[in-house]
Amino acid sequence: MSLDIASISSISESDMDYTATIYLRQRWTDPRLVFHGNKSFTLDARLVELLWVPDTYIVESKRSFLHDVTVGNRLIRLFSNGTILYALRITTTVACNMDLSKYPMDTQTCRLQLESWGYDENDVIFTWLRGNDSVHGIEKLRLSQYTVESYYTLVSKSHQETGSYPRLILQFELRRNVLYFILETYVPSTLLVMLSWVSFWITLDSVPARTCIGVTTVLSMTTLMIGSRSSLSKTNCFIKAIDVYLGICFSFIFGALVEYAVAHYSSSQKCAAKGPANELTEEVEEVNFTNILNSSITSCKRKISFTSVEISSDNVNCSDLTMKTHEKIKRVLRNKMHRIIGYFTIQNPSNVDHYSKLLFPLFFMLVNVFYWAYYLYF
């Protein structure tokens, strides 16, 4: 048996199959058809109904049809020694199990398997006519997203409940061309991450400018992520390499937006804390001064009571000089809370942008090194 692959019209990741047009040539010997002479005859394709032909079918085929324009594309040639050459032109869609975890830097292995339907190995034996040389045309294929890396033929058997059937296997490897995805997805997402870093060079007071850059880059990245997944809508269960990269880019863009929120909040809190700090100092001094007066007046009262000297309440108003206990506790607790919050407050919010200018690009480059090294070499 020999095989010519005329074309592979499509390879679908969502349906996990490929569609190919093949020329299947089968050759066998029937002693009943031996005749004298050295000539060969090409017979009418309609005579195939009168001859014995192998019941070959394509394993894992979803849809197949025999071309019939302008007539049925079949060839029957009879040789004098009883050998029959039977050729067919078939277009078939065959299932191909794909591992898309490294998409779009993946390499897929697909098979085209030919097997006898009803005749077991005791009746027929399938062999490739010349091994790997029995397959033609596959090395000349030009595909939009793939390059054929290698192919080889195998002879196997299929063990079923009804017997053991001969099977021929053509296995070929397809490597995806990643250049298209670099230009279509990787470069735009990387540029969006770099665009989000522009906000680090804008002052904290420019709220509209920095907010606009952050929100725009987040929305653009979200649109890019949705677009990349729409072409593979039926394979969303896979966590693909391109999803990982887009997730990394989205995290850095969102982190830049959060960084501005933190820096701006710290700056506003620092400005607001300057006023209350001065008031707190005055309150503490007032508390201390009042405590001194209270203690002095109390001791003075005791001395005067021992000498039986009567002090009129109109002259000294103790209630005005003393502070209520709950007010003292409230102010002391407020002072303590401000001190605790001060430990977790960024003292210089402008340093946040200064460090972000260095840390964000550095971490992004490190993540890219690990990402490309893992998916290209592991």
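A quick note: this is a predicted structure, and the numbers were derived from the prediction, not measured.

Trainee: I tried to follow the overall build of the protein chain on my own but got confused; where do I start?
Mentor: When its secondary structure is counted, the protein chain shows 6 helices and 11 strands. Counting the 378 residues in the protein chain, one finds 36% classified as buried. Once local pairs closer than 6 in sequence are excluded, the contacts in the protein chain between residues at least 24 apart make up 75%. For the protein chain, the accessible surface area stands at approximately 23100 Å², while carbon and sulfur atoms represent 60% of it.

Trainee: Help me understand helix α1 (residues 179–196) in this model?
Mentor: Residues lying three or four places apart along an α-helix face the same way, a consequence of the helix completing one turn every 3.6 residues. The terminal C-alpha atoms of α1, which comprises 18 residues, lie 25 Å apart, in line with the 26 Å expected from a rise of 1.5 Å per residue. Y186 marks where α1 bends most, by close to 35°; the proline P188 follows one to four residues later. Buried within α1 are the following residues: F181, T185, Y186, S189, T190, L192, V193 and S196.

Trainee: Help me understand a nonpolar patch on the surface in this model?
Mentor: Among the surface-exposed residues, Y355, L358, L359, L362, F363, M365, L366 and F370 lie close enough to one another that they form a single nonpolar patch of about 860 Å² accessible area. Residue L366 is classed as partly exposed on the basis of its relative accessible area, which comes to 41%.

Trainee: Help me understand the environment of F378, please; the structure alone is not making it clear to me.
Mentor: Among the secondary structure elements, F378 is positioned in the segment after α6 (350–377). Owing to a relative accessible area of 64%, F378 belongs among the exposed residues under this scheme. Sequence-distant contacts of F378, defined by excluding residues within four places in its chain, comprise K102 and A373.

Trainee: Before we go on, may I ask you to explain unusual backbone geometry in this structure?
Mentor: Working note: non-glycine residues mostly have negative phi, and peptide bonds are mostly trans. Cis peptide bonds are those with omega within 30 degrees of zero, and the linkage from V69 to T70 qualifies with -5°. The residue T70 is located in the loop between β5 (61–66) and β6 (74–79) in this model. Put simply, Y103 and P104 share a cis peptide bond, and its omega is 10°. Looking at the element boundaries, P104 is found in the loop between β7 (83–95) and β8 (107–116). Positive phi is not limited to glycine here, since M16 has a value of about 55°.

Trainee: How should the environment of S80 be read in this particular structure?
Mentor: Along the polypeptide, S80 turns up in the loop between β6 and β7. Between the alpha carbons of S80 and V34 there is a distance of 5.4 Å; along the sequence they are 46 residues apart.

Trainee: What is the right way to read the packing of aromatic side chains from this model?
Mentor: The geometry of two aromatic rings is summed up by the distance between their centres and the angle between their planes. Scanning the entire structure with this criterion turns up 22 aromatic pairs. Centre to centre, the rings of W28 and W52 are 5.9 Å apart; their planes meet at 80°, and the pair counts as edge-to-face. Of the two residues, W28 sits in strand β2 (residues 17–29) while W52 sits in the loop between β3 (40–43) and β4 (56–59), which places them 24 residues apart along the sequence. For W28, a relative accessible area of 12% corresponds to the buried category. When the ring of Y371 is compared with that of W372, the centres are 5.3 Å apart and the planes differ by 90°; the resulting orientation is edge-to-face. Under the relative-accessibility criterion, W372 is labelled partly exposed at 23%. Taken together, the ring pairs in this structure connect Y186, Y245, Y371, W372, Y374, Y375 and F378 into an aromatic cluster.

Trainee: Is there a simple way to think about the pattern of salt bridges in this case?
Mentor: Pairing is possible between side chains that carry opposite charge, provided their charged atoms lie close to one another. Overall, the coordinates contain 13 salt bridges when judged by the stated rule. One network of salt bridges, in which partners are shared, links E13, D106 and R176.

Trainee: Could you clarify how one ought to interpret the confidence of the model for the protein chain in this entry?
Mentor: Note that predicted coordinates carrying low pLDDT should not be read in detail. For the protein chain, per-residue confidence averages 84 on the pLDDT scale, and 82% of positions sit at 70 or higher. Note on residues 280–290: pLDDT is under 50 here. Beyond four places in sequence and across chains, it has 10 contacts.

Trainee: Would you mind showing me how to read the sheet that holds strand β10 (residues 146–160) here?
Mentor: Hydrogen bonds between backbone groups are what pair the strands of a sheet, and the pairing can be parallel or antiparallel. Pairing is antiparallel in the open sheet, where 4 strands are placed in the order β4-β8-β11-β10. In this open sheet, the two edge strands, each paired with only one partner strand, are β4 and β10. Going from strand to strand, the sheet's axes swing by 20° on average, the running direction of each strand aside. As paired elements, β4 and β8 share 4 bridges and run antiparallel to each other.

Trainee: What is the right way to read the packing of α1 against helix α2 (residues 207–230) from this model?
Mentor: The packing of two helices is summarised by the inter-axis angle and the distance between the axes. Packing of α1 against α2 brings their axes to within 9 Å, and their N-to-C directions diverge by 165°. What the angle tells us is that α1 and α2 run roughly antiparallel. Of the two possible hands of crossing, α1 and α2 adopt the one that is left-handed. Seen from α1, the contacting residues are E184, T185, P188, S189, L192, L195 and S196; seen from α2, they are I213, T217, S220, M221 and L224. Residues belonging to the contact of α1 with α2 are distributed by class as follows: 6 nonpolar, 5 polar and 1 charged.

Trainee: I keep staring at the pairing of β10 and nothing clicks. Help me out?
Mentor: Regular strands show a simple pattern: their side chains alternate between the two faces of the sheet. In the sheet, β10 pairs with strand β11 (residues 163–176) via 14 bridges, with the strands oriented antiparallel. When the bridges of β11 are listed, Y146 appears paired with R176. Here β10 folds back onto β11, and the loop between the two strands holds 2 residues.

Thresholds, definitions, all that
- Residues numbered from 1 in each chain as written.
- Predicted model: local features only at pLDDT ≥ 70, side-chain atom pairs only at ≥ 80, totals over all residues.
- Heavy atoms only, no water.
- Helix = DSSP H or I, 4+ residues; strand = E, 2+ residues; numbered from the N terminus.
- Buried < 20%, exposed > 50% of the residue type's maximum accessible area, 1.4 Å probe, protein only.
- Contact = heavy atoms within 4.5 Å.
- Areas by Shrake-Rupley, 256 points an atom, 1.4 Å probe, with all protein chains shown as cover.
- Expected span 1.5 Å × (residues − 1).
- Bend = angle between axes of the 7 residues up to and from the residue.
- Patch = residues over 30% accessible without salt bridge, like charges linked within 9 Å, V, L, I, M, F, W, Y side chains within 5 Å.
- Salt bridge = Lys/Arg side-chain N within 4 Å of Asp/Glu carboxyl O.
- Phe/Tyr/Trp six-rings, centres within 6.5 Å; stacked < 30°, edge-to-face > 60°.
- pLDDT = per-residue confidence, 0-100.
- Pairing = 2+ DSSP bridges.
- Axes fitted to C-alpha atoms, helices over the stretch in contact; angles between N-to-C directions.
- Parallel < 35°, antiparallel > 145°, perpendicular 65-115°, else oblique.
- Left-handed = near helix turned anticlockwise from the far one by under 90°.
- Nonpolar A, V, L, I, M, F, W, Y, C, P; charged D, E, K, R; others polar.

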